[in-house]
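Residue-level structure breakdown
Here is how the chains run, residue by residue.
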Amino acid sequence: MKVRKAVIPAAGLGTRVLPATKSIPKEMLPIVDRPAIHYIVEEAVRSGITDILIITSRGKSSLEDYFDRAPELEARLLASGKDALYRDVLAPTELANIQYIRQKETKGLGHAVLCAREFVGNEPFAVLYGDDVIISPPDSPATGELVRAYEKYGKAVVGIKEVTPQQILRYSSLAVSPLEERVFSVTDMVEKPAPHEVLSLYSILGRCVLPPEIFDILSQTPPGAGGEIQLTDAMYILARTTGMTGVDYLGKRYDMGNKLGIMEASVEVALRHPEIGGEFREYLKKLAQTL
Ligand code: UTP
């Protein structure tokens, strides 16, 4: 079955980027001149997704404004002949059919996904974590790679990356066996493993494609770590029963939920930016000599 729908959970509190996230959703933090959520929606669209549900919460209405028309601003830009800027302002409004729902309490990523049950219905769907920006080669958007694996193997697909031995202790560790280049069968997982429990350095990062059966599992999943309903607890059940497919996607992931990730994304995107890339490179080279 084709994957047409995507869910972007963006209702978290973003405590790792306080105080900025007190009034700016982390999903709206800019990477040069576009907010993180723009890159994520664009990736979904390039992956063949047509319908998107963004899970928001109190204080996140700027997310909705970004994908909405701005008639006064548009008129002003047109009247002053700033056609290129006008097109930039219009672009986010034309990307996809985007809907919103509010998660009324911050009860975890699993609970946020459960809020999408009616929107999704009885189809497989992609989940793009709202604070994980993945910059990929133009013809290989990360979600598109996962969608292809779903259509081929018919099981839930998780985006995976190898992390360091230190990081794996804070993430989920997967039991993987290779199926084809960068594609694995996932048969078990341990969340936040003790050193002797580590199954591999592969962890789930940023993206997944799930079958609708996940909703029944999530609705029976008791609150886990931090009193929140954890999506990884439901994935654990999938891994142990039907099994899952893991795709080590080509793109590079930037964690916009932490300060270092935000800086890495800004620097690397700025270096490739058509308007400021050249000047920024020169600036960075000079700065590096002083470090
Ligand atoms: P995180 O755990 O990284 O987000 O969730 P957080 O809770 O905002 O992070 P910190 O620890 O407080 O800094 C991954 C994604 O799931 C969303 C977040 O917005 C983020 O995009 N999320 C998380 C929800 O939508 N609802 C939740 O209840 C929790």
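Here is a short report on the structure shown in this document. Residue positions are given per chain, counted from 1 along the sequence in the order it is written. Totals for whole chains, interfaces and linings use every residue, but because this is a predicted model, local features are given only for residues with pLDDT of at least 70 and side-chain atom pairs only at 80 or more, for both listing and counting. Think of the side-chain values as coming from all heavy atoms in the structure, minus any hydrogens and water.

Points about the overall build of the protein chain
Numbering goes from the N terminus for both helices and strands, where a helix is a DSSP run of H or I of at least four residues and a strand is a run of E of at least two. Counting secondary structure elements, the protein chain contains twelve helices and 13 strands. Projected onto the principal axes, the alpha-carbon positions of the protein chain cover approximately 60 × 50 × 35 Å. Exposure is judged per residue with a 1.4 Å probe applied to protein chains only, and the accessible area is read against the type maximum: over 50% gives exposed, under 20% gives buried, and values in between give partly exposed. Out of the 291 residues belonging to the protein chain, those deemed buried represent 49%. What makes two residues a contact is simply this: any of their non-hydrogen atoms within 4.5 Å. Contacts in the protein chain between residues far apart in sequence, at least 24 positions, make up 77% of those at least 6 positions apart. With an accessible surface of roughly 14,600 Å², the protein chain has 55% of that area assigned to carbon and sulfur atoms. Note on areas: these come from Shrake-Rupley sampling with a 1.4 Å probe, and a residue is covered only by the protein chains present in the view.

Overview of the pairing of strand β12 (residues 244–247)
Here β12 shows two buried faces, one formed by Met244 and Gly246 and the other by Thr245 and Val247. Direction of pairing for strand β8 (residues 157–162) relative to β12: parallel, over a ladder of three bridges. For Gly159, the partnering residue across the bridge sits in β12 and is Val247. Between any two strands, pairing holds if DSSP finds at least two bridges. Two strands pair when backbone bridges link them, and strand β10 (residues 183–191) and β12 are joined in this way by four bridges, in the antiparallel orientation. Across the sheet, the residue bridging to Ser185 is Thr245, located in β12.

Some thoughts on the pattern of salt bridges
A side-chain nitrogen of Lys or Arg and a carboxyl oxygen of Asp or Glu constitute a salt bridge if their distance falls within 4 Å. For the coordinates displayed, the defined rule picks out 22 salt bridges. A salt bridge links Asp33 to Arg34; its shortest N-O distance comes to 3.1 Å. A residue is classified by how much of its surface remains accessible, and Asp33, at 42% relative accessible area, is partly exposed. By relative accessible area, which is 24% here, Arg34 ends up partly exposed. Counted as one network, the salt bridges with shared partners bring together Arg16, Lys26, Asp131, Asp132, Arg253 and Asp255.

A few points about the packing of aromatic side chains
Centres within 6.5 Å make a pair out of two Phe, Tyr or Trp rings, where for Trp the six-membered ring is used; the pair is then stacked when the planes are under 30 degrees apart, edge-to-face when over 60, and tilted otherwise. Within this structure, the stated rule accounts for four aromatic pairs. Throughout this description, the term charge over a ring refers to an Arg CZ or Lys NZ atom that lies within 6 Å of the ring centre and within 35 degrees of the ring normal. A cation sits over an aromatic face here: Lys5 above Phe119, 5.3 Å from the ring centre.

A look at the site of the ligand
Taken together, 18 residues form the shell around the ligand, and within it Gly12, Gly14, Thr15, Gln103 and Gly108 come nearest. Nitrogen and oxygen atoms within 3.5 Å of one another constitute a polar contact, given that in protein one can donate a hydrogen and the other can accept it, and given that sequence-neighbouring residues count only through two side-chain atoms. Contact between the ligand and Gly12: an oxygen atom at 2.8 Å from a main-chain N or O atom of the residue. One of the backbone nitrogen or oxygen atoms of Gly108 is found 2.7 Å away from an oxygen atom of the ligand. Within the complex, the protein chains bury 84% of what would otherwise be the 570 Å² of accessible surface of the ligand. Classification used: nonpolar for Ala, Val, Leu, Ile, Met, Phe, Trp, Tyr, Cys and Pro, charged for Asp, Glu, Lys and Arg, polar for all others including Gly. Along the lines of polarity and charge, the residues of the shell around the ligand split into six nonpolar, seven polar and five charged. Proximity is defined per residue: any heavy atom of the residue falling within 4 Å of a molecule or strand makes that residue near it.

Considering unusual backbone geometry
In the segment running from Leu18 into Pro19, the intervening peptide bond is cis, with an omega of 10°. With respect to the element layout, Pro19 can be found in the loop between β1 (5–9) and β2 (30–31). Positive phi, close to 40°, is recorded for Lys192, a residue that is not glycine. For Lys192, the position within the fold is in the loop between β10 and β11 (202–210).

A look at a nonpolar patch on the surface
A contiguous nonpolar surface patch, about 360 Å² in accessible area, is contributed by Tyr283, Leu287 and Leu291. Tracing the backbone shows Leu291 in the segment after α12 (277–289). A residue is classified by how much of its surface remains accessible, and Leu291, at 81% relative accessible area, is exposed. Candidates for patches are residues over 30% relative accessible area with no salt bridge; among them, like charges are joined within 9 Å and nonpolar side chains (Val, Leu, Ile, Met, Phe, Trp, Tyr) within 5 Å.

With respect to the packing of helix α11 (residues 259–272) against α12
The N-to-C vectors of α11 and α12 enclose an angle of 125°; their axes lie 6 Å apart at closest approach. In terms of orientation, α11 and α12 fall into the oblique class. Side by side, α11 and α12 meet where Val267, Ala270 and Leu271 of the first sit next to Gly277, Phe280, Arg281 and Leu284 of the second. Taken together, the residues that form the contact of α11 with α12 break down as five nonpolar, one polar and one charged. Axes here mean lines fitted to C-alpha atoms, for a helix over just the part in contact, with angles spanning 0 to 180 degrees between N-to-C directions. To sort the angles, those under 35 degrees are grouped as roughly parallel, those over 145 as roughly antiparallel, those from 65 to 115 as roughly perpendicular, and the leftovers as oblique.

Here's the deal with the packing of helix α3 (residues 71–79) against helix α4 (residues 83–90)
Two elements in contact, α3 and α4, have axes separated by 8 Å at closest approach and are oriented at 160°. Taken as axis vectors, α3 and α4 run roughly antiparallel relative to one another. As α3 packs across α4, the resulting crossing turns out to be left-handed. Contacts between α3 and α4 involve Leu73, Glu74, Leu77 and Leu78 on the former and, on the latter, Asp83, Leu85, Tyr86, Val89 and Leu90. Counted by class, the contact of α3 with α4 contains seven nonpolar, no polar and two charged residues. Here a crossing is taken to be left-handed if its near helix is turned anticlockwise relative to the far helix by less than a right angle, and right-handed if that turn runs clockwise.

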